[in-house]
Amino acid sequence: MKKLLFPFFLTLLFCFSIFAQENKPLNILEQPKPALSKDYGTLDAEGSIRFRVQFLANGQTGEISPVSSFIKRLNEKALKAVKQIKFEPEIKNGEPYNEVGIISYIYSWKNGWTIPSSIIIQTKSDEKAEAIIKKAVQYLGGEKYLNAKSQIGRGKFSALQDGAIVSFQNFTDVIAFPDKERTEFKSGGSKTVQTNFRENGWIYDGATSFIKDQTEEQINNFKRGIRTSLDNLLRGNWRKQGAKLDNVGRRPASLGKRNDVVKLTFDDGFTVEFEFSDDGVPMKSIYKRTNADNEEVKEEDRYAQFVDINGIKTPFIIDHFSNDKQTSRINYESVEFNKQIPDSIFAKPSSAKDLKKDLKL
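Bear in mind the structure is a predicted one, so any value in this text is a computation, not a measurement. (Residues numbered from 1 in each chain as written. Predicted model: local features only at pLDDT ≥ 70, side-chain atom pairs only at ≥ 80, totals over all residues. Heavy atoms only, no water.)

This brings us to the overall build of the protein chain. A count of helical and extended segments in the protein chain gives 6 helices and 22 strands. Projected onto its principal axes, the C-alpha coordinates of the protein chain cover approximately 95 × 65 × 45 Å. Within the protein chain, buried positions represent 38% of all 361 residues. A separation threshold of at least 6 residues defines the contact pool for the protein chain, and within that pool the share at least 24 residues apart is 52%. Computed over 55 positive and 48 negative side-chain charges, the separation of the two mean positions in the protein chain equals 3 Å. (Helix = DSSP H or I, 4+ residues; strand = E, 2+ residues; numbered from the N terminus. Buried < 20%, exposed > 50% of the residue type's maximum accessible area, 1.4 Å probe, protein only. Contact = heavy atoms within 4.5 Å. Lys, Arg positive; Asp, Glu negative; His and termini not counted. Charge placed at Lys NZ, Arg CZ, Asp CG, Glu CD.)

Right, let's get into the nonpolar core. Core analysis: the biggest nonpolar cluster contains 34 residues, and L233, L234, L245, V262, L264, F274 and F276 have the highest contact counts within it. For this core, the element with the most residues is helix α3 (residues 127-140), which contributes 6 residues. Core analysis: the next-biggest nonpolar cluster, separate from the first, contains 15 residues, V53, I103, Y105 and W113 among them. (Core = buried A, V, L, I, M, F, W, Y, C linked by side-chain atoms within 4.5 Å.)

This next bit is on helix α2 (residues 72-83). Helical geometry: 3.6 residues make up each α-helical turn, so side chains three or four residues apart lie on a common side. Taking 1.5 Å of rise per residue, the 12 residues of α2 would be expected to cover 16 Å, and the 17 Å separating its terminal C-alpha atoms lies within 8% of that figure. Looking at α2, one finds that the buried residues are L74, N75, A78, A81 and V82. End-on view of α2: buried residues confined to an arc of 120 degrees, all on one side of the axis. Across α2 from its buried face, at more than 90 degrees, point the exposed residues K72, K80 and K83. (Expected span 1.5 Å × (residues − 1). Arc of directions from axis to C-beta.)

For a regular strand, the rule is simple: side chains alternate between the two faces of the sheet. Bridge analysis of strand β2 (residues 46-55) against strand β7 (residues 99-108) gives 10 bridges, and the strand direction is antiparallel. Across the sheet, residue R50 finds its bridge partner in β7, namely S104. When β2 meets strand β3 (residues 61-68), the two strands line up antiparallel, connected through 5 bridges. Bridged to R52 within β3 is S65. Connecting the antiparallel pair β2 and β3 is a turn made up of 5 residues, with G59 showing a positive phi of about 85 degrees. (Pairing = 2+ DSSP bridges.)

Cis geometry is found at the peptide bond from F177 to P178, where omega equals 10 degrees. In this structure, P178 sits in the loop between β11 (164-176) and β12 (180-187). With phi around 70 degrees, D324 is a residue other than glycine that occupies positive phi space. As for its placement among the helices and strands, D324 is situated in the loop between β21 (312-322) and β22 (325-337).

On the secondary structure map, A207 appears in the loop between β14 (200-205) and β15 (210-213). Apart from the residues within four sequence positions on either side, A207 is in contact with S190 and K191.

Under the defined criterion, the tally for this structure stands at 25 salt bridges. Residue R154 is joined to E336 by a salt bridge in which the shortest nitrogen-to-oxygen separation is 3.1 Å. Of this pair, R154 sits in strand β10 (residues 150-161) while E336 sits in strand β22, and the two are 182 residues apart along the sequence. A residue is classified by how much of its surface remains accessible, and E336, at 30% relative accessible area, is partly exposed. Of the charged contacts in the structure, one is a salt bridge between E300 and K298, with a shortest N-O distance of 3.7 Å. (Salt bridge = Lys/Arg side-chain N within 4 Å of Asp/Glu carboxyl O.)

To continue, consider the environment of E217. Relative to the helices and strands, E217 resides in helix α5 (residues 216-227). C-alpha of E217 to C-alpha of F270: the two residues are 53 residues apart in sequence and 16 Å apart in space.

Further remarks concern the pairing of β14. Taken together, the 6 bridges between strand β13 (residues 190-197) and β14 define a ladder with antiparallel strand orientation. Each bridged residue has a counterpart across the sheet, and for N196 the counterpart in β14 is G201. Counted between consecutive antiparallel strands, the loop separating β13 from β14 contains 2 residues, among which R198 sits at a positive phi close to 55 degrees. When β14 meets β15, the two strands line up antiparallel, connected through 4 bridges. Along β15, the bridge assignment pairs W202 with D213.

Residue placement: S322 occurs in strand β21. Exposure remark for S322: the relative accessible area of 18% places this residue in the buried category. Reaching out from S322, the side chain makes a polar contact with the side chain of E299 at a distance of 2.6 Å. The residues touching S322, leaving out its near neighbours within four places in the chain, are V297, K298, E299 and T327. (Polar contact = N/O pair within 3.5 Å; in protein donor to acceptor, adjacent residues only side chain to side chain.)

Our focus in this paragraph is the packing of aromatic side chains. In this structure the tally under the stated criterion is 10 aromatic pairs. Judged by centre distance (6.2 Å) and plane angle (70 degrees), the rings of F157 and F185 are edge-to-face. Highlighted residues: F157 in strand β10 and F185 in strand β12, separated in sequence by 28 residues. Judged by its relative accessible area of 25%, F157 is partly exposed. Between F171 and Y332 the ring centres are 5.5 Å apart and the planes differ by 85 degrees, which places this aromatic pair in the edge-to-face class. Placement of the pair is F171 in strand β11 and Y332 in strand β22, with a sequence separation of 161 residues. Taken individually, F171 and Y332 each receive the classification buried, so the pair is uniform in this respect. In textbook terms, an aromatic cluster arises when at least three aromatic residues are bridged by ring pairs, as seen for Y105, Y107 and W113. Between the NZ or CZ atom of R227 and the centre of the ring of F266, over which it lies, the distance is 4.2 Å. The residue whose ring lies beneath R235 is F177, and the NZ or CZ to ring-centre distance is 4.2 Å. (Phe/Tyr/Trp six-rings, centres within 6.5 Å; stacked < 30°, edge-to-face > 60°. Lys NZ or Arg CZ within 6 Å of the ring centre and 35° of its normal.)

Geometric descriptors of this kind do not, in isolation, establish any biological role.
The structure is reproduced here in structure tokens:
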């Protein structure tokens, strides 16, 4: 019996060995650092650059797209470094496979370039979650919704406290998808303009006629707003941001009803959940942030009163809650899609004179 078992044991070892050889993860062989700029040591700047990279089965890099950018000339040096990466493709069942990963580079004027030790691999999205998104897109207008390039909304923004309105402002909000937005607020003859253009932003204070750059915190708030927006989810922009999509399941909504829930998880750990009714209507988005007192706050946007605008449905009411208490309401009075938006309205003006006039598009 022992003589029979021994060859059988060797056969098992051989099979396990073959299996181990047939399945291998993506292996980075060489990942050079980007070249230093001529002004290294004097350029007082720190930041990170990320790329979404296709690692093809033939051992070559495919499409490379920016996820986050920095100073233009540093972006270019980082891109050249990405193209010089050498790797062994992922092996599944003995066959090489295409893979997608997020490559990061960190620049410091003191330390030059550093590269995080790991590459974040983007796994395939949950099929159930993709089906939920598809249903929501169809509800909102299908291809008409997906092909919308711009949105202009006008209405009232109300701040609430203990269930009562404490202030309200008229607003005009201009969006050029996916990452340009200008919002003008008016209240009691005073005007404020908040504008974001990718990594940049500025604010105009009509009370003082002063224009200033947005702080890093304000720009980060805008970026977070993009991550948590319905458009970012449903139009698929999260795929270029290094996020992963999962189905969470079903969650109680109202008496006798439950919502489908999907979750986006970004490579820095930030998560946002979206809820949809059975017929695909977007109901809410939920995420958490840390406030100035280092306390965790649950933030929630609830969508209501969807109106059909030339084949595209959009919510005319968005209520915001912090720790389950309503803090604001956006009430649209009109929405336009696909109107031509000049880039000039997002550029920081040299003078506050023109900002005193109403925005005309």
